[in-house]
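Working through the structure, step by step
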Amino acid sequence: MAGRTEVVRMLAELAKLTALDEGSPQAFRVRAYEKAIHGVEAHPGEMSGLSKAELITIAGVGGATADKILELEATGQVAKLEALREKYPPPFVELTKIPGLGPKTLKLIRAELGVEDLEALEDAIAGEQLRELPGLGKTTEEKIGRAIERLGLHGKDRRTPLVEALPLARSLASRLEEKSDVDEAVICGSIRRFSEAVGDIDIVVATREPRAVSEFVLAFSEVAEVIGSGETKTSFLTREGMQVDVRTVSPEQLGSAMLYFTGSKAHNIALRQRAIDRGMLLSEYGLFEGDRVVASVTETDVYDALELEYIPPPLREGTGEIEAAGGDGLPRLVAREDIKGDLHYHSDRSGDGRSSLEDMIEAALAHGYQYVAFTDHGEDLSINGSSREEMLAHRDAIRSLQETYPEITLLFGCELNIGPDGGLDYDPEFRLEFDYCVASIHSYFDLPSDQQTIRLLTALHDPSVNAIGHLSGRYVGRRPGVELDIEAILEGLEVTGVALEINGALDRLDASAEVARQAMARDINLVIDTDSHHTKDLVRMNYGVEYARRGWVTSDRVVNTWGVDRLLSWAARRRS
Ligand code: DGT
Ligand code: CA
Ligand code: CA
Ligand code: ZN
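Position labels on residues start from 1 in each chain and follow its written sequence. As they are written, the chains are lettered A onward and the ligands numbered 1 onward, keeping that order. Residue-level local features of this predicted model are given only where pLDDT is at least 70; pairs of side-chain atoms are given and counted only at 80 or more, and the full residue set underlies all totals for whole chains, interfaces and linings. To obtain the side-chain values, all non-hydrogen atoms of the structure were included, while hydrogens and water were left out.

**Focus: the overall build of the chain**
Counting from the N terminus, the helices are DSSP H or I runs at least four residues long and the strands are E runs at least two residues long. When its secondary structure is counted, the chain shows 24 helices and 17 strands. Since a compact globule built from 576 residues should have a radius of gyration of about 25 Å, the 25 Å found for the chain is in line with a globular shape. Seen through its C-alpha atoms, the chain measures out along the principal axes to roughly 75 × 65 × 55 Å. Between two residues, a contact is recorded if the distance between any of their heavy atoms is within 4.5 Å. In the chain, 68% of the contacts between residues at least 6 apart in sequence involve partners at least 24 apart. For the accessible areas, the method is Shrake-Rupley and the probe is 1.4 Å, while residue cover comes only from the protein chains on display. Accessible surface for the chain amounts to roughly 24,400 Å². Of this, 50% is attributable to carbon and sulfur atoms. By the counting scheme adopted, Arg and Lys are positive, Glu and Asp are negative, and His together with the chain ends is not counted. Lysine's charge is taken at NZ, arginine's at CZ, aspartate's at CG and glutamate's at CD. One way to put it: in the chain the 64 positive side-chain charges average out to a point 2 Å from where the 98 negative ones average out. The globule rule is 2.2 Å times the number of residues to the power 0.38, and the radius of gyration it is compared with is taken over C-alpha atoms.

**Some thoughts on the packing of helix α21 (residues 486-496) against helix α22 (residues 513-520)**
Interaxial angle, 0 to 180 degrees, is taken between N-to-C directions of lines fitted to C-alpha atoms, where a helix line uses only the stretch in contact. Axis separation between α21 and α22 bottoms out at 10 Å; the angle between their running directions is 50°. When the axes of α21 and α22 are compared, the pair comes out oblique. Judged by the sense of rotation from one axis to the other, the crossing of α21 with α22 is right-handed. The segment α21 lies against α22, with I486, E487 and L490 engaging V515, Q518 and A519. Following the grouping adopted for this structure description, the nonpolar residues are Ala, Val, Leu, Ile, Met, Phe, Trp, Tyr, Cys and Pro, the charged ones are Asp, Glu, Lys and Arg, and the polar ones are all others, Gly among them. Grouping the constituent residues of the contact of α21 with α22 by class yields four nonpolar, one polar and one charged. Orientation categories follow fixed angle ranges, with anything under 35 degrees roughly parallel, anything over 145 roughly antiparallel, 65 to 115 roughly perpendicular, and all other angles oblique. By definition, turning the near helix anticlockwise from the far helix through less than a right angle yields a left-handed crossing, and turning it clockwise yields a right-handed one.

**Comments concerning the coordination of the calcium ion (ligand 3)**
For the calcium ion (ligand 3), the full set of protein donor atoms is D200 (OD), D200 (OD), D202 (OD) and D245 (OD), at a range of 2.2 to 3.0 Å. Only nitrogen, oxygen and sulfur atoms qualify as donors, and only when within 2.8 Å of the metal (3.2 Å in the case of Na, K and Ca); with water excluded, sites may look incomplete. Counting gaps between the donor residues of the calcium ion (ligand 3) yields the pattern D-x1-D-x42-D. In this structure the calcium ion (ligand 2) is found 3.7 Å away from the calcium ion (ligand 3), and D200 serves as a bridging donor for the pair. Residues D200 and D202 agree in their burial class; the two are buried. Residue burial is assigned from relative accessible area. The probe radius is 1.4 Å, only protein chains are included, and a residue is buried under 20% of its type maximum, exposed over 50%, and partly exposed in between.

**Notes on the sheet that holds strand β2 (residues 182-187)**
In spatial order, the strands read β2-β4-β7-β6-β5; together these five strands make up an open sheet with mixed pairing. Looking along the sheet, the strands with just one partner apiece sit at the ends: β2 and β5 (225-229). Neighbour-to-neighbour, the strand axes of this sheet turn through a mean angle of 15°, independent of strand direction. Packed on one face of the sheet, helix α10 (residues 162-178) meets β2, β4 (200-207), β6 (233-237) and β7 (243-249) and runs near 175° to β2. With respect to the sheet, helix α12 (residues 210-218) is in contact with β2, β4, β5, β6 and β7, its orientation differing from that of β6 by roughly 5°. By the convention used here, strands pair only if DSSP detects at least 2 bridges between them.

**A word on the domain arrangement of the chain**
Often, the extent of an interface is quoted as the loss of accessible area on bringing the components together. Domain boundaries assigned for the chain yield domain 1 (1-82), domain 2 (89-157), domain 3 (159-249), domain 4 (265-330) and domain 5 (336-573). Contacts between domain 3 and domain 5 engage eleven residues on the former and eleven residues on the latter. Accessible area that two parts lose when put together, evaluated with a 1.4 Å probe and summed over both, is termed the buried area. Contact with domain 5 buries surface across domain 3, with V163, F194 and E196 losing the most and accounting together for 63% of the total. Salt bridges are counted wherever a side-chain nitrogen of Lys or Arg sits within 4 Å of a carboxyl oxygen of Asp or Glu. Here domain 3 is connected to domain 5 by one salt bridge. With a closest N to O distance of 3.5 Å, E196 and R474 form a salt bridge. For the purposes of these results, a polar contact is taken to be a pair of N or O atoms within 3.5 Å, where, inside protein, one atom must be able to donate a hydrogen and its partner to accept one; residues adjacent in sequence count only when each atom of the pair is a side-chain atom. Between domain 3 and domain 5 we count four residue pairs in polar contact (both at pLDDT 80 or more) in total. Counting residues per element, the side of domain 3 that touches domain 5 draws most heavily on α10, which supplies four residues. Here the side of domain 3 that touches domain 5 is built from residues that sort into six nonpolar, one polar and four charged. Reported domain spans reflect what an automatic or database domain assignment gives.

**Focus on the environment of A126**
Looking at the secondary structure, you find A126 in helix α8 (residues 118-126). A126 sits in the exposed class, given a relative accessible area of 64%. A sequence separation of 16 residues divides A126 from E142, and the C-alpha atoms of the two residues are 9.7 Å apart.

**What about the pattern of salt bridges?**
Per the counting criterion, the structure on display carries 41 salt bridges. For the salt bridge of E82 with R85, the shortest nitrogen-to-oxygen distance reads 3.2 Å. Here R85 and E82 lie together in helix α5 (residues 79-87), a separation of three residues that amounts to about one turn. Using a relative accessible area of 27% as the deciding quantity, one classes E82 as partly exposed. Ionic pairing is found between D537 and R540, a salt bridge with its closest N-O pair at 3.6 Å.

**Points about the site of ligand 1**
Lining the immediate surroundings of ligand 1 are 17 residues, of which R159, S190, R193, G199 and D202 lie closest. R272 has a polar side-chain atom sitting 3.1 Å from a nitrogen atom of ligand 1. Taken by itself ligand 1 offers 590 Å² of open surface, and the protein chains cover 72% of this. Contributing elements (two or more residues each) for the shell around ligand 1: α11 (189-192), β4, α13 (254-262) and α14 (265-277). A per-element tally of the shell around ligand 1 places α14 first, with four residues. Residue composition of the shell around ligand 1, by class: four nonpolar, seven polar and six charged. There are two domains that each give the shell around ligand 1 at least three residues, and those are domain 3 (159-249) and domain 4 (265-330). Residue proximity to a molecule or strand is established when one non-hydrogen atom of the residue lies within 4 Å of it.

**Quick look at the side chain of S347**
Its location among the elements puts S347 in the loop between β11 (341-345) and α17 (357-366). Look past the residues within four positions of S347 in its chain and what remains in contact with it is G353, S355, S356, L357, M360, F374, D376 and H394.

**Details of the nonpolar core**
Grouped burial of nonpolar side chains is what soluble globular proteins tend to show. Take the buried Ala, Val, Leu, Ile, Met, Phe, Trp, Tyr and Cys residues and link them wherever side-chain atoms come within 4.5 Å; each set so joined is a nonpolar core. I468 and L471 are the most contacted members of the largest nonpolar core, which has 87 residues in total. The residues that make up this core include at least three from each of domain 3 (159-249) and domain 5 (336-573). If sequence neighbours within four positions are ignored, I468 has contacts with I418, V438, A439, L456, L460, L493, V498, A499, L500 and E501. Listed in part, the 44 residues of the second largest apolar core include I37, V61, Y88 and L121.

**Here we look at α14**
Residues lying three or four places apart along an α-helix face the same way, a consequence of the helix completing one turn every 3.6 residues. For a helix, the expected span equals 1.5 Å multiplied by the residue count minus one. Between its first and last C-alpha atoms α14 spans 18 Å; for 13 residues at 1.5 Å apiece the expected length is 18 Å, and the two agree. For α14, the full list of buried residues reads H267, N268, L271, R274 and A275. The arc that holds the buried residues of α14, viewed along the axis, is 125°, so those residues lie on one side. For α14, exposure combined with an orientation more than 90 degrees from the buried face picks out K265, I269 and D277. Residues of α14 that are buried in the fold lie against α13, β8 (281-283), β9 (286-289), α15 (299-305) and α16 (321-326). The arc in question is the one spanned by the directions pointing from the helix axis to the C-beta atoms.

So, in structure tokens, the structure goes:
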């Protein structure tokens, strides 16, 4: 059966391979698949069991796409996609991850130089062959070479962004859970710790029928190559080269197995030492005193027996969490239910926004929010921004909707674009018309560190600025973040009281957990935002919060956990 995730994954792969095939990400057919993805993602109901007539009522889904969805549902594959996969094997598709290497260039270097994988590409760069091709040149060749180095696309260093791994892991785990002889299927490893990029997918399955589970796993359509299949562990590779480890344990050992396979390794080693210090032994099978099982059913049982408070997975990195849990106590980490609003939030006033003001307000209410700041793009962001006149009309629209929705406070805000020298959209007076502004970098990612740092410091000292959005501008695994003197930025944030955003978009997760933890060591405000461009993006708040926990972020520091009065006075304090 084809759920929404499987359909979206199929369409996304079609879009990617079609872009390669046509030599352009803008090709009509690629755009058509992308529109269909948006439609399917936003479609409220179930995907499986729909007829063709029902499928084509979904926005962006035409007859040809509907046929492919039905084909996937009926046969588990799509002929068109299989043909494209044949033509573009994974090692070649992998090259699309390199920034500056678009489908057109890839097509060219494949045709002219016979480049089929990373190794061949690196050889071609070393042999200075790329620069000889029409439209490329020396600069492009060097840029591609640097991009490969910075992305760490090499062999075992290769990590998969959480944004790709998490949906696949969830889809696998939920299929396992539906199986009658599976008690529970739990995603563990670095995904559970909410690392932004992961080495593989680890799933622990509690079952009395390990053999049946292993057969079930090997029949998944994602299995491209079996790495191993034994009594307790089945491992395979997907077509994209992602490794999946599924381990079976008996239900009464689930807690100790989850603990072990969630890691991190450093956390496990410290836990095991703590057990030894207390005359016990800890393994994935349980905590033992001689032959006696002291604890194994739940993680909490094991932590209890080791005289530790329960340690949330994002903290399990062996960086002081065990000392804290066994001593003065862990900090009161921010939790999803503490969040009272979203302060980086787009409507279709932004060129890339896809839901109306009303729909975004309704969505915020459905999430129980007390306030939101509409931060549509400022004028400079060429295609997506708004002129002054448009912004003022937008303000009127927000003020009038405020009367319709008295139960939520609506802030008239803006996402100001930070120019290369730190300049911001509009002029200083106009910027103060906004109730709230987040300022972000959307261009000039390659400036040297000192210039980039001055650029950001200039922006955050502007009195209209309340928060710095997605600090580094990274896209995990695709675009490295800008180079910054983080200490200087943190100093600036501390002095001004400007909040550091943790952007919950899974492919951003920016600022990083490391930077967030550094911010926690100082007196710096944080804000966890979704940067929603559509009502379906509100789910990112869960991701932002989970990721913030990785940075040991506590509730009291997060401005959008504050009540509306405190928030408003903080937001206005530099504006008068
Ligand atoms: P990854 O996959 O590189 O993103 O990171 P993890 O943490 O998911 O690592 P992985 O998949 O190699 O192993 C999953 C967990 O299993 C890991 O977090 C802790 C545990 N583990 C693996 N190897 C060892 C080991 O040698 N010693 C201990 N104590 N635990 C281990
Ligand atoms: Ca792993
Ligand atoms: Ca693993
Ligand atoms: Zn934004």
